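Summary of structural features
The primary structure of each chain is shown beneath.
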Amino acid sequence: EDKVVQSPLSLVVHEGDTVTLNCSYEVTNFRSLLWYKQEKKAPTFLFMLTSSGIEKKSGRLSSILDKKELFSILNITATQTGDSAVYLCAVGEIQGAQKLVFGQGTRLTINP
Amino acid sequence: DAGVIQSPRHEVTEMGQEVTLRCKPISGHDYLFWYRQTMMRGLELLIYFNNNVPIDDSGMPEDRFSAKMPNASFSTLKIQPSEPRDSAVYFCASSSAGQTQYFGPGTRLLVL
């Protein structure tokens, strides 16, 4: 069965710290890996990764994919209280479509 | 762009009642997805459509759940009869082929 596992499940840090969130997967017909941020409402898109070793960056957030070892990391530097959210990892598995399998999420809390 | 629109945003009903959730995808998107999110099970795909045709409904929990997409701009998810264990947040998402899924704000359903 296809599986996406995120770790840690919960993380509490102080403002200004750097955090690394992990996502490993076992999915047949891998197409892409996506990261979403979910605050109190709907998940909002952060990154889509399809190739190994190419880092995607957006401000203080960055992510990279390792297709050989079947994992991805999401880094957040100089964290702010507004980064507090659940971060979801999802893998797209069907060619030509985007049926996503989601991990259980990492709940990140940034304390001032 | 208005994004994915869902209604109602909140629904409280009694066990045994019929519940209908509605979704308007982003214009031009040809994929539409229905998800359910709970604390216990996380984000689960229920069903998805391509060009208004249901492609995969393997995530629909049982016959009490049904979904339709009569045209490119409207979809419904119906639960009849509803049960307390159906209480969850139901998200609709849409995408173009091979692209990122964009989520609606969700419908928070409580079945008493």
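Here the structure is a predicted model, which means the values were calculated and not measured.

Before going further, it helps to spend a moment on the state of the cysteines. Residues and elements named next belong to chain A. Following the criterion strictly, the structure yields two disulfides over all chains and no others. One disulfide bridge connects C23 with C89, the sulfur atoms lying 1.9 Å from each other. Disulfide C23 to C89: torsion about the S-S bond roughly -70 degrees, handedness left-handed. Taken together, the positions of C23 in strand β3 (residues 19-26) and C89 in strand β9 (residues 85-92) put the pair 66 residues apart, joining distant regions of the chain. An identical accessibility class is assigned to C23 and C89; each is buried.

A separate point is the packing of aromatic side chains. Remark: the centre distance and the inter-plane angle together describe each pair of aromatic rings, the angle taken between the planes. What the rule picks out here adds up to 12 aromatic pairs over all chains. Ring centres of A:Y36 and A:F45 lie 6.0 Å apart, and the angle between their planes is 75 degrees; on these two criteria the pair is classed as edge-to-face. Taking relative accessible area as the criterion, A:Y36 reaches 0% and is therefore assigned buried. For A:F45, a relative accessible area of 29% corresponds to the partly exposed category. Pairing A:Y36 with B:F103 gives two aromatic rings, centres 5.4 Å apart and planes at 85 degrees, and the pair type is edge-to-face. Of the two residues, A:Y36 sits in strand β4 (residues 32-38) while B:F103 sits in strand β10 (residues 102-103), which places them in two different chains. In this pair, the class of A:Y36 matches that of B:F103, namely buried. Following the ring pairs from residue to residue traces out a cluster consisting of A:Y36, A:F45, A:F102, B:Y31, B:F33, B:Y35, B:Y48, B:F91 and B:F103.

What counts, and where the lines are drawn
- Every chain is numbered on its own, with residues counted from 1 as its sequence reads.
- All chains are assigned letters beginning at A, and all ligands numbers beginning at 1, according to the order in which they are written.
- Where local features are concerned, this predicted model is filtered to residues with pLDDT of at least 70; where side-chain atom pairs are given and counted, the filter is 80 or more; whole-chain, interface and lining totals use all residues.
- To get the side-chain values, all heavy atoms of the structure are used, and hydrogens and water are removed first.
- A pair of cysteine sulfur atoms is labelled a disulfide when the two atoms are within 2.5 Å.
- The way it works is that DSSP assigns letters per residue, a run of H or I at least four long becomes a helix, a run of E at least two long becomes a strand, and they are numbered from the N terminus.
- The cut-offs for exposure are 20% and 50% of the maximum accessible area for each residue type, with area from a 1.4 Å probe on protein chains only; residues under the lower value are buried, those over the upper are exposed, and the others partly exposed.
- Centres within 6.5 Å are what make two rings of Phe, Tyr or Trp a pair, Trp counting through its six-membered ring; a difference in plane orientation under 30 degrees is then read as stacked, over 60 as edge-to-face, and the rest as tilted.

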